[in-house]
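Chain and residue survey
Here's the letter readout for the chains.
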Amino acid sequence: MEFGAEAENGKKRILDQNDPDYRTQSPGVGPWEGELPRDARYDRQLLREGDRRNVVDKYRYWTVEAIKADLDLSRSALHIAIENLEHDLNIGSIVRTGNAFNVGGAHIVGRHKWNRRGAMVTDRYMHVYHHPGPEDFVRWAHENGYTPVAVDNMDGSVQMEHTQLPEKCVLVFGQESKGISPGLLARCEKAVYIPQFGSTRSMNVAAAAAIAIHWWAYRHQM
């Protein structure tokens, strides 16, 4: 069931499993009922047609710009970087996780066009930067006081739980199966890995990113 917060100047129509429209419409809220709010944060079209987006109740009916501006008030110091060499579907999933933790920014290193499918449009609410290569990315990091930290289970990396991740760091992730390219890896100031206890040689990069981002949040935000 989807629950909506009480709102000023009207009521939200909540769609849940008992609503006859539930099976024909994606979960969310229907058109605004009652007098329409005049607050500039609200999207007039969403108020008229309903809001089916995957956003928390606080942001129902808000414009993309209003949501992004509000998130800017509480962005974390963490940034994430994903190497884009092969249009990997996992890139979008990592960006979506970054949105869930409200990271300060997501950096795409390599090809400008990246696979957004897994992001589920969450990139609209984030600051996404593009860097044509490792040199440009590392220049940005140093100019802004950030430490690039590679997340990869390679020789020489340190168990993530046994190292102090800097508050102002950029967690760097590579491509599925191939990992981080030598050119980008050489420019990271340290490398950490996530311990594994099964038979697989490596875990999915999007899953590894979620673990690493949560670990940083545990040390610096919780």
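Preceding this section is the structure that the text describes.
Bear in mind the structure is a predicted one, so any value in this text is a computation, not a measurement.

Observations regarding the pattern of salt bridges
Applying the stated criterion across every chain, the model contains 9 salt bridges. The residue Lys-178 makes a salt bridge to Glu-86 at a minimum N-O spacing of 2.5 Å. Of this pair, Lys-178 sits in the loop between strand E6 (169-173) and helix H5 (182-185) while Glu-86 sits in the loop between strand E1 (79-84) and helix H3 (90-100); the two residues are 92 residues apart in sequence, bridging distant segments of the chain. You can call Lys-178 exposed: its relative accessible area is 59%. Ionic pairing is found between Arg-187 and Glu-135, a salt bridge with its closest N-O pair at 3.4 Å. Of this pair, Arg-187 sits in the loop between H5 and strand E7 (190-193) while Glu-135 sits in helix H4 (residues 134-143); the two residues are 52 residues apart in sequence, bridging distant segments of the chain. Judged by relative accessible area, which is 31%, Arg-187 ranks as partly exposed.

Brief notes about the layout of surface pockets
Computed from the structure, the largest pocket encloses a volume of approximately 490 Å³. Lining the largest pocket we find 25 residues, and of these Val-151, Asp-152, Asn-153, Gly-179 and Ser-202 sit closest to its centre. Taken together, the elements giving at least two residues each to the lining of the largest pocket come down to H5, E7 and helix H6 (205-220). Residue composition of the lining of the largest pocket, grouped by class: 12 nonpolar, 9 polar and 4 charged. Each pocket or cavity is described by its volume, and for the second largest pocket that value is around 270 Å³. Lining the second largest pocket are 13 residues, and of these Asn-54, Val-56, Tyr-59, Asn-99 and Ala-100 sit closest to its centre. Elements with a minimum of two residues in the lining of the second largest pocket: helix H2 (64-72) and H3.

Analysis parameters
Residues numbered from 1 in each chain as written. Predicted model: local features only at pLDDT ≥ 70, side-chain atom pairs only at ≥ 80, totals over all residues. Heavy atoms only, no water. Salt bridge = Lys/Arg side-chain N within 4 Å of Asp/Glu carboxyl O. Helix = DSSP H or I, 4+ residues; strand = E, 2+ residues; numbered from the N terminus. Buried < 20%, exposed > 50% of the residue type's maximum accessible area, 1.4 Å probe, protein only. 1 Å grid on protein atoms, 1.4 Å probe; cavity = no way out; pocket = protein on both sides within 12 Å on 5 of 7 lines; lining within 4 Å. Points joined across faces, edges and corners; volume = space filled by probe spheres on them. Nonpolar A, V, L, I, M, F, W, Y, C, P; charged D, E, K, R; others polar.

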